Amino acid sequence: MMLVHEIMSANAECVEPTCNLRQAAQRMQRLDVGCLPICGEGNRLQGMVTDRDIILRAVAVGRDLEQTSVEEIMSHEVRYCFDDQSIEQAANLMEEKQIRRLVVLNRDKNLVGILSLGDIAARGHNDQLSGEALEKVCEPAH
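Here we summarise the structure given alongside this text. (Residues numbered from 1 in each chain as written. Predicted model: local features only at pLDDT ≥ 70, side-chain atom pairs only at ≥ 80, totals over all residues. Heavy atoms only, no water.)

### A short note on the side chain of Thr 68
Tracing the backbone through its elements, the reader meets Thr 68 in the loop between helix H3 (51-57) and helix H4 (70-73). Within polar-contact distance, the side chain of Thr 68 engages the backbone oxygen of Asp 64 at 2.7 Å. Leave out the neighbours within four places in its chain, and Thr 68 touches Cys 19, Asn 20, Leu 21, Arg 63 and Ile 73. (Helix = DSSP H or I, 4+ residues; strand = E, 2+ residues; numbered from the N terminus. Polar contact = N/O pair within 3.5 Å; in protein donor to acceptor, adjacent residues only side chain to side chain. Contact = heavy atoms within 4.5 Å.)

Next comes the structure, spelled out in structure tokens:
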């Protein structure tokens, strides 16, 4: 049984809640990622901001990217898994919630990585699991 920490993208960078949207977008560009965890002191997860959040919750409504903080548009309800869980459990959560990535926490609830469907497909060594997860995540919401 493979565990999440074996295939996750470790050392995920996070941003502070006060970071402005332009800085967050530039960090996403530099890291070539579509999301950033929002962390306070001690890498404590507070939320998540995605490239889609920036477009739909800020750009589309004319918010100033320099004056708007990630805290103002971030998603507060962040789905996560633990680094010592099986990849099957993580994939099942992705399927159930129809999400493409999970924040990975240690048992002290500190951020340790990000797990994406791509990680499961590329490094999970279980084509059936990754295929099923992708199929469920891509189903239209009811």
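### Description of the pairing of strand E6 (residues 111-116)
By the criterion of burial, E6 is predominantly enclosed, with five of the six residues buried. Relative to E6, strand E1 (residues 9-10) is paired through two bridges, and the arrangement is antiparallel. In the strand pairing of E6, Ala 10 is matched with Gly 113. Examined bridge by bridge, strand E5 (residues 101-105) and E6 share five bridges and lie antiparallel to one another. Within E6, the position partnered with Leu 102 by the bridge is Leu 115. Between the end of E5 and the start of E6, which pair antiparallel, lie five residues, with Lys 109 showing a positive phi angle near 65°. (Buried < 20%, exposed > 50% of the residue type's maximum accessible area, 1.4 Å probe, protein only. Pairing = 2+ DSSP bridges.)

### As for the sheet that holds E6
Spatially, E1-E6-E5-E4 is the arrangement adopted by the four strands of the open sheet, whose pairing is mixed. Across the chains shown, the open sheet's two edge strands, defined by having one partner strand only, are E1 and strand E4 (80-82).

### A few points about helix H2 (residues 21-31)
Taken as a whole, H2 has its buried residues at Leu 21, Ala 24 and Met 28. Mapping the buried residues of H2 onto a view down its axis gives an arc of 60°, with all of them on the same face. With respect to the buried face of H2, the exposed residues turned more than 90 degrees away are Gln 29 and Arg 30. Of the surrounding elements, those touching the buried residues of H2 are strand E2 (35-39), strand E3 (45-50), H3 and H4. Among the residues of H2, the N-terminal cap falls to Asn 20, whose side-chain oxygen and the backbone nitrogen of Arg 22 are separated by 3.0 Å. After H2 finishes, the residue Asp 32 shows a positive phi value of roughly 55°. (Arc of directions from axis to C-beta.)

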